[in-house]
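Structure at a glance
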Amino acid sequence: MGAQFHRYVKTTLNLERLRDGNWNVLDGILQVEPTKAFNIWFGRMLTPSDRSNLDGPYFLSTYAYPLVSQYPGAWSGRDDGVTIWGKVLKDRFRYMAGIYRGHNWVPGGSNYGEHPLFAGRLEYNFLDPEPSPAYYTASTYYGKADILAIGLAGQYQVDGVGSAQQKGDYKAWNVDGLFEKKIGKDARYGVYTLEGAYYQYYTDGVKDIAVGYGQRDPDYGNVGGINNGTAFLLSTAYLIPYRVGWGRVQPLVRYQEFIYKKDLYGPGHPKTTQFDAGANYVMDGHNLRFTFDYVRYSPAGGRASNAFLLGMQLQY
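Residues numbered from 1 in each chain as written. Predicted model: local features only at pLDDT ≥ 70, side-chain atom pairs only at ≥ 80, totals over all residues. Heavy atoms only, no water.

Under an unreviewed UniProt entry, the name given to the protein is Porin, and the source organism is Acetobacter suratthaniensis.

1. Section: the overall build of the protein
The number of helices and strands found in the protein is 1 helix and 16 strands. Computed over the C-alpha atoms, the radius of gyration of the protein is 20 Å, within 12% of the 20 Å expected from 2.2 N^0.38 for a compact globule of 316 residues. Scored against the burial criterion, the 316 residues of the protein give a buried share of 46%. Relative to all contacts within the protein whose residues are 6 or more apart in sequence, the contacts with residues 24 or more apart total 59%. When the accessible area of the protein is evaluated, it comes to approximately 15200 Å², of which 60% is carbon and sulfur surface. Distance from the positive charge centre (32 side chains) to the negative charge centre (29 side chains) of the protein: 5 Å. (Helix = DSSP H or I, 4+ residues; strand = E, 2+ residues; numbered from the N terminus. Rg over C-alpha atoms; globule rule 2.2 N^0.38 Å. Buried < 20%, exposed > 50% of the residue type's maximum accessible area, 1.4 Å probe, protein only. Contact = heavy atoms within 4.5 Å. Areas by Shrake-Rupley, 256 points an atom, 1.4 Å probe, with all protein chains shown as cover. Lys, Arg positive; Asp, Glu negative; His and termini not counted. Charge placed at Lys NZ, Arg CZ, Asp CG, Glu CD.)

2. Focus on the side chain of Ser132
By secondary structure assignment, the location of Ser132 is in the loop between β7 (117–125) and β8 (147–162). Polar contacts involving the side chain of Ser132 include one to the side chain of Arg94, which spans 3.2 Å. Here Ser132 is in contact with Lys87, Arg94, Thr137 and Tyr141, once residues within four sequence places are set aside. (Polar contact = N/O pair within 3.5 Å; in protein donor to acceptor, adjacent residues only side chain to side chain.)

3. Side note on the side chain of Thr273
Examined against the element boundaries, Thr273 turns out to sit in strand β14 (residues 271–284). With residues near it in sequence (within four places) discarded, Thr273 still touches Tyr255, Gln256, Glu257, Arg296, Tyr297 and Ser298.

4. What to know about the pairing of strand β6 (residues 93–100)
Side chains Arg94, Met96, Gly98 and Tyr100 of β6 all project onto a buried face; the interleaved residues Phe93, Tyr95, Ala97 and Ile99 project onto a face where none is buried. One ladder, built from 8 bridges, connects strand β5 (residues 78–88) with β6; its direction is antiparallel. For Ile84, the partnering residue across the bridge sits in β6 and is Ala97. As defined by bridge partners, β6 adjoins β7 across 8 bridges and the pair is classed as antiparallel. In the strand pairing of β7, Arg94 is matched with Glu123. (Pairing = 2+ DSSP bridges.)

5. Some words on empty space enclosed by the protein
Sizing a probe to match a water molecule and rolling it over the atoms shows the empty space that remains. Within the structure shown, the criterion is met by 1 cavity of 30 Å³ or more. Ser52, Leu60, Ser61, Thr62, Pro66, Ser139, Glu195, Leu233, Ser235 and Arg254 are the residues that line the largest cavity. Its residues assigned to classes, the lining of the largest cavity shows 3 nonpolar, 5 polar and 2 charged. (1 Å grid on protein atoms, 1.4 Å probe; cavity = no way out; pocket = protein on both sides within 12 Å on 5 of 7 lines; lining within 4 Å. Points joined across faces, edges and corners; volume = space filled by probe spheres on them. Nonpolar A, V, L, I, M, F, W, Y, C, P; charged D, E, K, R; others polar.)

6. A short note on the nonpolar core
Ranked by size, the top nonpolar core spans 17 residues in total, and within it Tyr71, Tyr170 and Tyr199 carry the most contacts. Those elements that provide at least two residues to this core are β7, β8, β9 (167–182), β10 (191–202), β11 (229–239) and β13 (247–260). Ranked by residue count, the leading element in this core is β10, at 3 residues. Grouped together as the second largest cluster of nonpolar side chains are 9 residues, Ile29, Leu46, Met96 and Tyr135 included. (Core = buried A, V, L, I, M, F, W, Y, C linked by side-chain atoms within 4.5 Å.)

7. Section: the packing of aromatic side chains
Under the defined criterion, the tally for this structure stands at 15 aromatic pairs. Considering the side-chain rings of Trp85 and Tyr135, the 6.2 Å spacing of their centres and the 70 degrees angle between planes classify their relative orientation as edge-to-face. With Trp85 in strand β5 and Tyr135 in the loop between β7 and β8, the pair connects residues that are 50 residues apart, well separated along the chain. By relative accessible area, Trp85 is classed as buried at 7%. (Phe/Tyr/Trp six-rings, centres within 6.5 Å; stacked < 30°, edge-to-face > 60°.)

8. Re the environment of Tyr202
Tracing the backbone through its elements, the reader meets Tyr202 in strand β10. Put simply, Tyr202 and Gly184 are 18 residues apart on the chain and 44 Å apart in space, counted from C-alpha to C-alpha. With near-sequence residues (within four places) excluded, Tyr202 lies in contact with Asp169, Tyr170, Lys171, Trp173 and Asn228.

9. Observations concerning unusual backbone geometry
Positive phi, close to 55 degrees, is recorded for Ala187, a residue that is not glycine. Relative to the helices and strands, Ala187 resides in the loop between β9 and β10. The phi angle at Asp204 is positive, at roughly 65 degrees, despite the residue not being glycine. Looking at where Asp204 falls in the secondary structure, it is placed in the loop between β10 and β11.

10. Here we look at a nonpolar patch on the surface
Residues Phe126, Leu127, Leu148, Ile150, Leu152, Trp173, Val175, Tyr198, Tyr202 and Phe232 make up a contiguous nonpolar surface patch of roughly 800 Å² in combined accessible area. Tallying contributions element by element places β8 first for the nonpolar patch, with 3 residues. Within the element layout of this structure, Tyr198 appears in strand β10. (Patch = residues over 30% accessible without salt bridge, like charges linked within 9 Å, V, L, I, M, F, W, Y side chains within 5 Å. Salt bridge = Lys/Arg side-chain N within 4 Å of Asp/Glu carboxyl O.)

11. Remarks on the pattern of salt bridges
A full pass over the atoms with the stated rule returns 13 salt bridges. Put simply, Arg44 and Asp80 hold a salt bridge, and the shortest N to O gap is 2.8 Å. Remark: Asp80 occurs in strand β5 and Arg44 occurs in strand β4 (residues 38–46); sequence separation between them is 36 residues. Residue Asp80 is classed as partly exposed on the basis of its relative accessible area, which comes to 26%. One continuous salt-bridge network, built from bridges that share partners, spans Arg51, Arg94, Arg121, Glu123, Glu130 and Asp176.

Okay, structure coming up:
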């Protein structure tokens, strides 16, 4: 839901129903937007982070959210705070920075009401500006524009990880890129997409508390679960120009790897990997598509497993 009270003042309220039947605030934002180059948002919103998190679950190139994107959030990558953002240089350069409530704000956690989270992101589009609102992103635009975007994000919080007895500072940064090109005039020969991201997560040599420690739901509250390690993601897709029935087919492949800090989670460098191969059947961009995906998941210290995923996405 959205409303506008003044030329420069808007609000956004999005709710989400939880698995237990209760409702939660997904986005609750007071938006002061005097110019395209400088805007201030207050409330609960997506924090400056990687492309995958700013895509949200509905604007990825694949159906399943990537495991290597592990920036903390109170709910679905959101946190409570203040964000300053803007677009300059004919919308090719986007910046965002903010201060947020942060991680482990819970009795027994490392940061019970003491230190905020600082976050920022810079992004430059070398070809067309991304046709996405505010500072949000997408991992494919299905040929709406030619994209070559590079982003750099970072987060920092004193006492952001661990328990009240053993705490450490949280630091993380990543660089990500998206290349998407229409092949031929008006994408006559299709659309090629290439996405990559590299991550570094630091916990000051401390193991974080368990996910959802002291909370009613393990997914809620921005508590626990941050891992120290290095990660990367690489994916590619090709939107075939010919229609099959009501839509077009977009084959895709994605590989992810998370390498944990040496000797902190077991001997040596344990790692988790995931390989995806499948295709989207795109009928109306991100508004209506179907996905068939084969997944091979190999957790650190565990046996590999295989799965087939069939998903449908509908937005209206």
